[in-house]
Amino acid sequence: MHPLPEPASLPSLLLSSGGWRPEWGRTRAGGMSRAGGMRPPWNQERAPEERLPSATEPGRQWSMVRRMLTAGLLFSLLLGFSLLLVYIFRSCGPGPCMTPVCWDLLARYLASGNTSVAPCTDFFNFACGQAKGTDYSFQALAEENKKRLRRILEAPGSWHLGSGEEKAFQFYSSCMDTDAIEAAGAAPLRQVIEELGGWRISGNWTSLDFNRTLRLLMSQYGYFPFFRAYLRPRPTPPYTPVIQLFQFLRPLEQRRAQGKLFQMVTIDQLQAMELFTAIKNALVSRLRRIPWMDEKTRKEAQNRVTQLQVKMGAPEWALKPSLARQEYNDVGPCPCQLLISPQLLLSPLTRLSGRQSVHPGRSLTNPFLALIQLGPSYLQSFLSCVRSLRARIVQSFLQSFPYHRWQVSPWGVNAYYSIPDHVVVFPAGLLQPPFFHPGYPRAVNFGAAGSIMAHELLHIFYQLLLPGGCPACDTRALQGALLCLKHHYETIPLPNGTFFNGSRTFLENAADIGGLAIALQAYSKRLLWHRGETILPNLDLSPQQLFFRSYAQVMCREPGTQEPQDPHSPPTLRVHGPLSNTPAFARYFHCPHGALMNPSSRCQLW
């Protein structure tokens, strides 16, 4: 039997076999320590090359790798989600309107605007900088409507003998027959002069009573040399017909003398339309938050809006010839532009209202022409129209009618509000491009036609803004808002560097500012709850920016072409006044604080 090795030689054996080498405690002589016996090997120093790797180092490395993988995965998810949002936004967000009507509107906007001007500095020039005198939006629309009427009147067609259609076309033909007019010379005019008592220069002269001559001029020829007389309802209840006499006064004085607050707006067929309904609802909602209104006045104002009658497009007789013949079988209307049925202008509106438009060769009966005697000269035909129209006006007050009689032609561009009938009217001629079209982006329809509707609706409440018009209201708050509005307009410079005194236009200024705010509120709600919005191509405007651009387009006209008696502010103020008072404009166009279109303070009237 071999003896066991000494303890001191055991580590050497383990080392020689390539195994683990624990260190044993050693004495100075190399033997085992007697005092301590055997000591744990971890208490001994080892050379660096003899140390073992720590058990936690691989765990730390794996933890770092795992964190890097997690971060990469999260980054990939965020990137993918962002790309998905971009795709969804581009797919479901506003897309360009590529229809012909949108391209036509784009061409109109590009022709009138000057995109080199900063919108926050001068938005009127940005939208209307290239507009000339004939490019006034309302005037241009009226001219386009006249061209449409002319194309209808000059189109060949066959009519029933003695029918209104035949008389209309005969009247137009005589109006355009300049050869016949020149051949007649002054003879028709001489006949009129003889009827009025003659003239010394004409040869025969009979001294007639001055009052009789004046009466003939006003009653038979519609000419008012010194003052104007109207047969109208009283401006206050019971609205009975009275003869009103007016001298030629300044617009504000005339308005105060009449006791009425101007003509303006709204619609019957549009009542079933999305646009007008949205505008009306926004107004009712806004009335709840007007700070200067007391609760009773607020409820009365809301009731007036809900009870308002609205007419759009054309009167009933124009769309129902049988009703027209029954109602207007005694009198007739006047000049060339009033003789054509408005049905031909209603094509975009009748589609929305569910009514069918009428073919140019059918059902154009206009009963106003019954008493018109055509010929033998154009002048005599014209004077026959004048007398027929005046007879119609008188008849309208001699008998009661169950509904409102329109005061404008359906192809006109002026809306109005009737105080006695509590009716607002939008003629078909106004609801045309560039103000309205079913194929336009909604931003255009709300910004243009919608702001006009809201503007005209506010005319219902003009009386409240006049001194003493609302005794129960918070007078101090109301007057403060009106003074703020007056100051706001007086601090906006005109193109020539001067400033405008808005004291005579404050009612229209109030309607401009309120109309824009109401239309914007209605459009914002539309964007919130409906999808499928479009924009104009190649214009680089968001839907909200396009809304404001369309509002400004309504006001486009060359500065300095405004009529002196116009009750509205100059066009630059009609753009800059409401837009600079609207915080949303500065937000969507990123206007710096203190810029013209982002003032430090604003007014809240509505």
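Residues numbered from 1 in each chain as written. Predicted model: local features only at pLDDT ≥ 70, side-chain atom pairs only at ≥ 80, totals over all residues. Heavy atoms only, no water.

- If you look the chain up in an unreviewed UniProt entry, it shows as Kell blood group glycoprotein isoform X14 from Ursus maritimus.
- Of the chain, the UniProt comment under Cofactor (unreviewed entry) reads exactly: "Zn(2+)". (UniProt positions renumbered as here; feature names shortened; annotations may be inferred.)

**Here's the deal with the sheet that holds strand β5 (residues 416–418)**
Backbone hydrogen bonds are what pair the strands of a sheet, in a parallel or an antiparallel way.
No. 1: On the basis of which strands lie adjacent, the open sheet formed by three strands has the order β4-β6-β5 and mixed pairing. Two strands close off the open sheet at either side, each with one partner strand: β4 (309–313) and β5. Ignoring which end each strand starts from, the neighbouring axes of this sheet average 20° apart.
No. 2: Strand direction decides the pairing type here: β5 and strand β6 (residues 423–427), joined by three bridges, are antiparallel. Among the inter-strand pairings, serine 418 is bridged to a residue of β6, identified as valine 423. (Pairing = 2+ DSSP bridges. Helix = DSSP H or I, 4+ residues; strand = E, 2+ residues; numbered from the N terminus. Axes fitted to C-alpha atoms, helices over the stretch in contact; angles between N-to-C directions.)

**Side note on helix α5 (residues 137–154)**
No. 1: With 18 residues, α5 extends 26 Å between its outermost C-alpha atoms, agreeing within 8% with the 26 Å of an ideal straight helix rising 1.5 Å per residue.
No. 2: Among the residues making up α5, those that are buried are Ser137, Phe138, Leu141, Asn145, Arg148, Leu149, Ile152 and Leu153. The arc that holds every buried residue of α5, seen down its axis, measures 155°, which confines them to one face. (Expected span 1.5 Å × (residues − 1). Buried < 20%, exposed > 50% of the residue type's maximum accessible area, 1.4 Å probe, protein only. Arc of directions from axis to C-beta.)

**Overview of the packing of aromatic side chains**
No. 1: Inspection of the entire model under this criterion finds 12 aromatic pairs.
No. 2: Connected via pairs of aromatic rings, a cluster forms that spans Phe123, Phe126, Phe446, Tyr523, Phe547, Phe548, Phe585 and Phe589.
No. 3: The residue whose ring lies beneath arginine 549 is tyrosine 109, and the NZ or CZ to ring-centre distance is 4.3 Å.
No. 4: Its guanidinium or amino end placed over the ring of tyrosine 588, arginine 587 lies 5.2 Å from that ring's centre, counting from NZ or CZ. (Phe/Tyr/Trp six-rings, centres within 6.5 Å; stacked < 30°, edge-to-face > 60°. Lys NZ or Arg CZ within 6 Å of the ring centre and 35° of its normal.)

**Let's talk about the side chain of asparagine 581**
No. 1: As for its position among the elements, asparagine 581 is in the loop between α22 (571–580) and α23 (583–588).
No. 2: According to the relative accessible area criterion, asparagine 581 is buried, its value standing at 8%.
No. 3: Side-chain polar atoms of asparagine 581 contact the backbone nitrogen of cysteine 603, separated by 2.8 Å.
No. 4: Setting aside chain neighbours within four positions, we find asparagine 581 in contact with His488, Ile513, Arg602 and Cys603. (Polar contact = N/O pair within 3.5 Å; in protein donor to acceptor, adjacent residues only side chain to side chain. Contact = heavy atoms within 4.5 Å.)

**Looking at the state of the cysteines**
Two cysteines, two sulfur atoms, one covalent bond between them: this is a disulfide.
No. 1: According to the stated counting rule, one finds five disulfides in the structure shown.
No. 2: Two residues, cysteine 120 and cysteine 591, share a disulfide whose sulfurs are 2.1 Å apart. Between cysteine 120 and cysteine 591, the disulfide has an S-S torsion of -85° and is therefore left-handed. Placement of the pair is cysteine 120 in the loop between α3 (100–112) and α4 (123–128) and cysteine 591 in the segment after α23, with a sequence separation of 471 residues.
No. 3: Take cysteine 120: its relative accessible area is 9%, and that puts it in the buried class.
No. 4: Residue cysteine 484 pairs covalently with cysteine 603 via a disulfide, S to S 2.0 Å. Its torsion about the S-S bond being -85°, the disulfide of cysteine 484 and cysteine 603 is classed as left-handed. Remark: cysteine 603 occurs in the segment after α23 and cysteine 484 occurs in helix α19 (residues 475–490); sequence separation between them is 119 residues.
No. 5: Its relative accessible area of 27% is what places cysteine 484 among the partly exposed residues. (Disulfide = S-S within 2.5 Å.)

**Observations concerning the pairing of β6**
No. 1: The buried fraction of β6 amounts to five of the five residues, a majority that puts the element mostly inside the structure.
No. 2: A two-sided burial pattern is seen for β6, the buried positions comprising Val423, Val425 and Pro427 on one face and Val424 and Phe426 on the other.
No. 3: What sits between β5 and β6 in their antiparallel hairpin is a turn of four residues, with histidine 422 showing a positive phi close to 50°.

**Some remarks on the pattern of salt bridges**
No. 1: Summed over the entire model, instances satisfying the criterion amount to eight salt bridges.
No. 2: The shortest N-O distance in the salt bridge between arginine 150 and glutamate 154 comes to 2.9 Å. One end of the pair, arginine 150, and the other, glutamate 154, are both in helix α5, four residues apart, so they sit about a helical turn from each other.
No. 3: On the accessibility criterion, arginine 150 (44% relative accessible area) is partly exposed.
No. 4: The partner of arginine 574 in a salt bridge is aspartate 512, with the nearest N and O atoms 2.9 Å apart. Note that arginine 574 is positioned in helix α22 and aspartate 512 in helix α20 (residues 506–529), a separation of 62 residues in sequence. Across the pair, aspartate 512 and arginine 574 agree in class, each one buried.
No. 5: The network of salt bridges with common partners includes Glu274, Arg442, Arg526 and Glu533. (Salt bridge = Lys/Arg side-chain N within 4 Å of Asp/Glu carboxyl O.)

**Considering the packing of α20 against helix α21 (residues 543–554)**
No. 1: In the contact formed by α20 and α21, the axes pass within 11 Å of each other and the chain directions differ by 150°. If you check the angle between α20 and α21, you find them roughly antiparallel. Crossing of α20 over α21 shows right-handed handedness. Between α20 and α21, the residues in contact are Asp512, Leu516, Ala519, Leu520, Tyr523 and Leu527 and Pro543, Gln544, Phe547, Phe548 and Tyr551, respectively.
No. 2: Of the residues that constitute the contact of α20 with α21, the class distribution is nine nonpolar, one polar and one charged. (Parallel < 35°, antiparallel > 145°, perpendicular 65-115°, else oblique. Left-handed = near helix turned anticlockwise from the far one by under 90°. Nonpolar A, V, L, I, M, F, W, Y, C, P; charged D, E, K, R; others polar.)

**Quick look at the packing of helix α11 (residues 274–287) against α20**
No. 1: In the contact formed by α11 and α20, the axes pass within 8 Å of each other and the chain directions differ by 115°. Classified by the angle between their axes, α11 and α20 sit roughly perpendicular to one another. Here α11 runs over α20; the crossing is right-handed. On the side of α11, the interface is formed by Glu274, Ala278, Ile279, Ala282, Leu283, Ser285 and Arg286, while α20 contributes Ala517, Ile518, Ala519, Gln521, Ala522 and Arg526.
No. 2: Considering only residue class, the contact of α11 with α20 consists of eight nonpolar, two polar and three charged.

**A short note on unusual backbone geometry**
No. 1: The step from proline 433 to proline 434 runs through a cis peptide bond, and the omega angle for that step is 10°.
No. 2: Relative to the elements of secondary structure, proline 434 occurs in the loop between β6 and α17 (442–457).
No. 3: Here histidine 422, not a glycine, exhibits a phi torsion of approximately 50°, which is positive.
No. 4: For histidine 422, the position within the fold is in the loop between β5 and β6.
No. 5: Note on histidine 422: relative accessible area 13%, which makes it buried.
No. 6: With phi around 55°, histidine 590 is a residue other than glycine that occupies positive phi space.
No. 7: Here histidine 590 is to be found in the segment after α23.

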